[in-house]
Amino acid sequence: MKKDIEKALKEFLVDVRTTGEERKKGIPLITFVYKEEDKAVLLKALPLPLADIQPERDIPVGKELLYRVDFFREGEAKVSFGVLPAIKEPATFLTLLDNAIKTGDRKAGYQDLCDYLKFHNALCGLEALAEGELSLMGQIPENTGEDVAEENAARAGKSREAGAQDRYTFANTAYYREVLSYVQTGRDILNACPYGTPLPPFPDRSAFMAKWYRENGQGSL
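Residues numbered from 1 in each chain as written. Predicted model: local features only at pLDDT ≥ 70, side-chain atom pairs only at ≥ 80, totals over all residues. Heavy atoms only, no water.

Visitor: Even after reading the chapter, I still don't get the nonpolar core, so can you show me in this structure?
Guide: Generally speaking, nonpolar side chains in soluble globular proteins are found buried as a group. With 32 residues, the main nonpolar core has Ile-30, Phe-32, Tyr-67, Leu-84, Phe-93, Leu-97 and Leu-117 as its most contacted residues. Of all the secondary structure elements, the ones that give two or more residues to this core are strand E1 (29-36), strand E2 (39-47), helix H3 (48-57), strand E3 (65-73), helix H4 (93-102), helix H5 (111-137) and helix H7 (160-192). Non-local contacts of Leu-117, meaning those with residues more than four positions away in its chain, are made with Pro-28, Leu-48, Val-69, Phe-93, Leu-94 and Leu-97. Formed by 13 residues, the second largest nonpolar core is a distinct cluster that contains Phe-170, Tyr-176, Phe-208 and Met-209. (Core = buried A, V, L, I, M, F, W, Y, C linked by side-chain atoms within 4.5 Å. Buried < 20%, exposed > 50% of the residue type's maximum accessible area, 1.4 Å probe, protein only. Helix = DSSP H or I, 4+ residues; strand = E, 2+ residues; numbered from the N terminus. Contact = heavy atoms within 4.5 Å.)

Written as structure tokens, this is what we have:
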């Protein structure tokens, strides 16, 4: 048992080296260790959205949780460690971390890191939403105003309703691409800029759609 625990702890402490998509995007990676009967369970280098749901879904209540965060701050790779008290009831990692910090538990971590992870998790949620919407609409090529004009001419034989639906699809696609661009800009700011640098305003859907129709000569629907 002792050797198993020592092995898990050594892996917990070793540098995380991965070329995974999350790391390339700058998404924080979380590693967990907790004791399960006569062994230590290691959950290594999980991307933040997946790591966040582990304590709520897969880690038993009553377990003290060691965590490691691999992230970027001001362009440099950083590592932070913490210990969360025994889980009293299922909850997400960020909820447990936030609650422990607010009670003054110094072993749990620090508020700046918690806030940083919350921002990243929110961006991951927006990314998943945008990618899901784009997937539902299919692979729509990015169009310029000239492209739209050509397509409008080609659709001359279509019904007005079908043409309007096509225009809406192109506008909707452009909006969710803008959301993905916002997500990457947000990650770049969180990872490369000093703490406290504000993120740009989120692209308002109504304003974006209205502008798209004006610029592409379509008028509003």
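Visitor: I keep staring at the layout of surface pockets and nothing clicks. Help me out?
Guide: Empty pockets left among the atoms are what a rolling probe the size of a water molecule brings to light. Empty space within the largest pocket amounts to approximately 210 Å³. Contributing to the lining of the largest pocket are Pro-85, Ala-86, Ile-87, Lys-88, Glu-89, Ala-91, Leu-96, Asn-99, Ala-100 and Thr-103. For the lining of the largest pocket, the class distribution of residues is six nonpolar, two polar and two charged. (1 Å grid on protein atoms, 1.4 Å probe; cavity = no way out; pocket = protein on both sides within 12 Å on 5 of 7 lines; lining within 4 Å. Points joined across faces, edges and corners; volume = space filled by probe spheres on them. Nonpolar A, V, L, I, M, F, W, Y, C, P; charged D, E, K, R; others polar.)

Visitor: Could you clarify how one ought to interpret the pairing of strand E4 (residues 76-84) in this entry?
Guide: Each regular strand carries side chains that alternate between the two faces of the sheet. One ladder, built from nine bridges, connects E3 with E4; its direction is antiparallel. The partner of Tyr-67 across the bridge, within E4, is Gly-82. Where E3 folds back onto E4 in an antiparallel hairpin, the turn is made up of two residues, including Glu-74, whose phi is positive at roughly 55°. (Pairing = 2+ DSSP bridges.)

Visitor: For this particular structure, what's the right way to read the packing of aromatic side chains?
Guide: Ring pairs (aromatic) are described by centroid distance and by the angle formed between their planes. Inspection of every chain in the model, using the stated rule, returns seven aromatic pairs. Ring geometry for Tyr-175 and Tyr-176: centres 5.1 Å apart, planes at 75°, overall edge-to-face. Each member of the pair Tyr-175 and Tyr-176 is classed as buried. Each ring, one from Tyr-175 and one from Phe-208, has its centre 5.5 Å from the other, and the planes form 65°; the classification is edge-to-face. (Phe/Tyr/Trp six-rings, centres within 6.5 Å; stacked < 30°, edge-to-face > 60°.)

Visitor: Even after reading the chapter, I still don't get the confidence of the model for the chain, so can you show me in this structure?
Guide: Caution applies to low-pLDDT regions: their predicted coordinates should not be interpreted in detail. Per-chain confidence: the chain averages 83 in pLDDT, with 76% of residues scoring 70 or above. When mean pLDDT is taken per element in the chain, H4 scores highest with 97 and helix H6 (residues 145-154) scores lowest with 50. (pLDDT = per-residue confidence, 0-100.)

Visitor: It is not clear to me how the side chain of Glu-127 should be interpreted in this structure. Could you clarify?
Guide: For Glu-127, the location among the structural elements is in helix H5. Using a relative accessible area of 11% as the deciding quantity, one classes Glu-127 as buried. Contacts of Glu-127, omitting those with residues within four sequence positions, involve Lys-25, Ile-27, Leu-180, Val-183 and Arg-187.

Visitor: I tried to follow the packing of H3 against H4 on my own but got confused; where do I start?
Guide: Each pair of packed helices gets described by two things: the angle between the helix axes and the distance between those axes. Packing of H3 against H4 leaves a shortest axis separation of 6 Å and a crossing angle of 80°. Classified by the angle between their axes, H3 and H4 sit roughly perpendicular to one another. Along the contact surface, H3 presents Ala-51, Asp-52 and Pro-55, while H4 presents Phe-93, Leu-94 and Leu-96. Of the residues that constitute the contact of H3 with H4, the class distribution is five nonpolar, no polar and one charged. (Axes fitted to C-alpha atoms, helices over the stretch in contact; angles between N-to-C directions. Parallel < 35°, antiparallel > 145°, perpendicular 65-115°, else oblique.)

Visitor: Even after reading the chapter, I still don't get the packing of H4 against H5, so can you show me in this structure?
Guide: Packing of H4 against H5 leaves a shortest axis separation of 10 Å and a crossing angle of 155°. Between H4 and H5, the crossing angle belongs to the class labelled roughly antiparallel. Considering how the two elements wind past one another, H4 and H5 form a crossing that is left-handed. Contact residues: Phe-93, Leu-94, Leu-97, Asp-98, Ile-101 and Lys-102 in H4; Gln-111, Cys-114, Leu-117, Lys-118 and Asn-121 in H5. (Left-handed = near helix turned anticlockwise from the far one by under 90°.)

Visitor: Would you explain the pattern of salt bridges in this entry?
Guide: Opposite charge on two side chains allows them to pair when their charged atoms are near. Tallying each qualifying case throughout the model produces nine salt bridges. Residue Arg-57 is joined to Asp-58 by a salt bridge in which the shortest nitrogen-to-oxygen separation is 3.1 Å. Close ionic contact of Asp-98 with Lys-118 constitutes a salt bridge, the shortest N to O distance being 3.2 Å. With Asp-98 in helix H4 and Lys-118 in helix H5, this pair connects stretches of sequence that are 20 residues apart. Owing to a relative accessible area of 7%, Asp-98 belongs among the buried residues under this scheme. (Salt bridge = Lys/Arg side-chain N within 4 Å of Asp/Glu carboxyl O.)

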